[in-house]
Amino acid sequence: MERWLKKGTLKRSSQEPEYFAVNSSHIDNHSNNENDTNEITPKYFKKCRKYDESYISLGFMNNNDNPQCVICSKNLPNSSMAPAKMRRHLESVHGELKEKNVEFFIRKRDELLKSINCMVQTTKTVNEKATEASYLVSYQIAQRGEAYTIAESLIKPCAMEMVKCMLDEKSAKEISKIPLSNDTVANRINVLAADIQNELIFRLKSCKFALQMDESTDVAGLAILIVIVRYQHESTLLEDLLLCKSLPTRTTGAEIFDLLNSFLEGNEIPWENYVDICTDGAKAMSGIINGAVQCIKNIAKNCSSSHCMIHRQALAAKKLSVSFKKALDEVVKIINFIKSRPLQNRLFKILCEDMGSVHTSLLLHTEVRWLSRGKILTRIFELRDEVRAFFLEHNFELKDRFLDQMWLLKVAYLSDIFTKINELNFTLQGRHVNVFTAHEKIHAFKKKLDFWKICMSSNEFDCFPTIKCFSKEEEVEINEVFIEEIIQHLTGLSEGFNQYFPNDQQVKYKNELWIKNPFIVNTRPPAMSAKEYETFIEFTSDSSLQEKFKSMPLAEFWCSSKDEYSQLSQKAVLALLPFATTYMCETGFSTYVSTKTKYRNRLDAEPNMLLQLSSIKPNIKNILQNKKQFHASH
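Residues numbered from 1 in each chain as written. Predicted model: local features only at pLDDT ≥ 70, side-chain atom pairs only at ≥ 80, totals over all residues. Heavy atoms only, no water.

Engineer: I'd like a description of the pairing of strand S9 (residues 274–279), backed by residues and values.
Structural biologist: Among the six residues that make up S9, six are buried, leaving the element largely enclosed by the rest of the structure. Relative to S9, strand S6 (residues 209–217) runs parallel, the two sharing three bridges. Following the sheet pairing, Gln212 is matched in S9 by Cys278. With four bridges joining them, S9 and strand S10 (residues 304–307) adopt parallel strand pairing. By the bridge assignment, Thr279 is partnered in S10 with His307. (Buried < 20%, exposed > 50% of the residue type's maximum accessible area, 1.4 Å probe, protein only. Helix = DSSP H or I, 4+ residues; strand = E, 2+ residues; numbered from the N terminus. Pairing = 2+ DSSP bridges.)

Structure representation (structure tokens):
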């Protein structure tokens, strides 16, 4: 412990009290010594002079118990805290100012303090801005699925060069302060993703939601589960990524359910808010006993489930007769003969260019791709003359097929019918497709199948333009056997669509037609109570709502009516929440594949996926406010 003692043996200025620091243990030792004198050995003293307000008249202010000149900002040691030494500095360095009054030095002191504060504030602001810029750049990198090293290896050098070219060297040096190292960008992305997930969890705790779910394997061999959620937020329905995690062991229904359940319970999201789940219909998902959907229904008693309508449409269109199946297989073999050999592919490309073709290559067939059949058939039929010419110089067992007009007629029909199936597939894709729109498209296609059979029976080929054009160009007569084969295929398609899209589902959605367009319904819907129908009559009689309905998307229209017509709005939103397809899961896996490549196979892609697929924007301002320190580290 140190004690301050006033020294009386040394001379001091009348304006300046002088003190020395003395260790109390030394004082006690001296006091117990019989031979001790009244003097204390100077080596135990630590001299510390104190600042007096009168020193401002000499041009000095206090800076942590050291005198600082308010003119040149020079700091002097504590030993110079004496009027004579400070006066000597004023007269020798700033002799022209020695006659200035005290108000002048006070003004200089205030200016110096202000400049020091500005410098401190500027330094703080630069670090804050550099950190904010680091978050913004990291957000852009994650959204585009780029490697984290691109920030420091490409983005920062380019930004510095652009600023140096457009502004100056000094501004370019400020850009260099932005921390963009690999680890820094990874940390920023994790923080941004956590902010988005926290906001999503907060929203889901107080609203109803529906899920779509699918599982696939990534480049590292991990089984990845993607779960998309749709929920009401303010005046619209939003779709966000809820989960993108790897399954620890097997891809069974129990494992999938455990992963989803642990996430929801860990974040205190109640299962009571769950409305519906849409899956691809795989056994692990939709198994009657141990499927993930059944495990969910055991907890959420009032929930429903559905099979993705795109997958059902693909299954319904998969069946082909033996003759058409053989023609399709032969087309695939011909394509593989040309496309799978680099030399053949190059020669075919040169041939197409010489013949002035619109296309210069064929398309490979992939069974799991929804639009593959229609695209490869259309392309090879458009390039049939080029393929025929190519096989004049190449020996292949199927080269005579392009001289067989009946075989070409089958390819033309397959091209037409799968093009129409692809058009249906396109209408079922999209982020905001609801069950009403999807069922209307399926119902329309089923009616078209019946109409096409009638057209075939009367030899009308206007609905199949490829067959019509080919028969006219080549003057091919279409016989009854071929027409009957087409009718049989259309009948099989119709049976497949009736199997996967039964009429009772269509009846269910017809009963809820008032949600799709409330202003054309004149009778009481079956599921609506008398009191609700009274409100519905008032609702449909409001002319302002009719104008609003014409100018707004369906989901936004019903969400915006929740304040005035809460019962109707809530009922309509619950019907609009379920997903019709697993389209967003499929696009999510496409995003995942482009993000986690074979060159980044150790990447935990979930933070990147949250930033790419979420409709929520991270609150960077709030993140910065919660940071305790801002380091311009790299």
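Engineer: Break down the packing of aromatic side chains for me, citing the residues and quoting the values.
Structural biologist: Evaluation of the coordinates by the stated rule reveals 31 aromatic pairs. Seen in terms of ring centroids, Phe324 and Tyr413 are 5.1 Å apart; in terms of plane orientation they differ by 35 degrees. Their pairing is tilted. Pair noted here: Phe324 is in helix H11 (residues 322–339) and Tyr413 is in helix H15 (residues 405–428), with a separation of 89 residues, a long-range link. Both residues of the pair, Phe324 and Tyr413, count as buried. Summarising the aromatic geometry, the rings of Phe445 and Phe497 are spaced 5.0 Å apart at their centres and angled 45 degrees between planes, so their arrangement reads as tilted. Placement of Phe445 in helix H16 (residues 435–457) and of Phe497 in helix H18 (residues 480–500) is noted, with a sequence separation of 52 residues between them. (Phe/Tyr/Trp six-rings, centres within 6.5 Å; stacked < 30°, edge-to-face > 60°.)

Engineer: Quick rundown of a nonpolar patch on the surface? Include the residues and the values.
Structural biologist: Nonpolar side chains collect at one region of the surface, where Leu343, Leu347 and Ile350 lie side by side and expose about 260 Å² of accessible area between them. Considering the arrangement of structural elements, one finds Ile350 in helix H12 (residues 342–354). (Patch = residues over 30% accessible without salt bridge, like charges linked within 9 Å, V, L, I, M, F, W, Y side chains within 5 Å. Areas by Shrake-Rupley, 256 points an atom, 1.4 Å probe, with all protein chains shown as cover. Salt bridge = Lys/Arg side-chain N within 4 Å of Asp/Glu carboxyl O.)

Engineer: Give me the sheet that holds strand S8 (residues 236–246): which residues, what numbers.
Structural biologist: Here five strands make up an open sheet; going across it, the order is S8-S7-S6-S9-S10 and the pairing mixed. Lying at the two open borders of the sheet, with one neighbouring strand each, are S8 and S10. Direction aside, neighbouring strands of the sheet carry axes that sit 20 degrees apart on average. Against the sheet, helix H26 (residues 606–613) engages strand S7 (223–233) and S8, with an angle of about 165 degrees to S8. (Axes fitted to C-alpha atoms, helices over the stretch in contact; angles between N-to-C directions. Contact = heavy atoms within 4.5 Å.)

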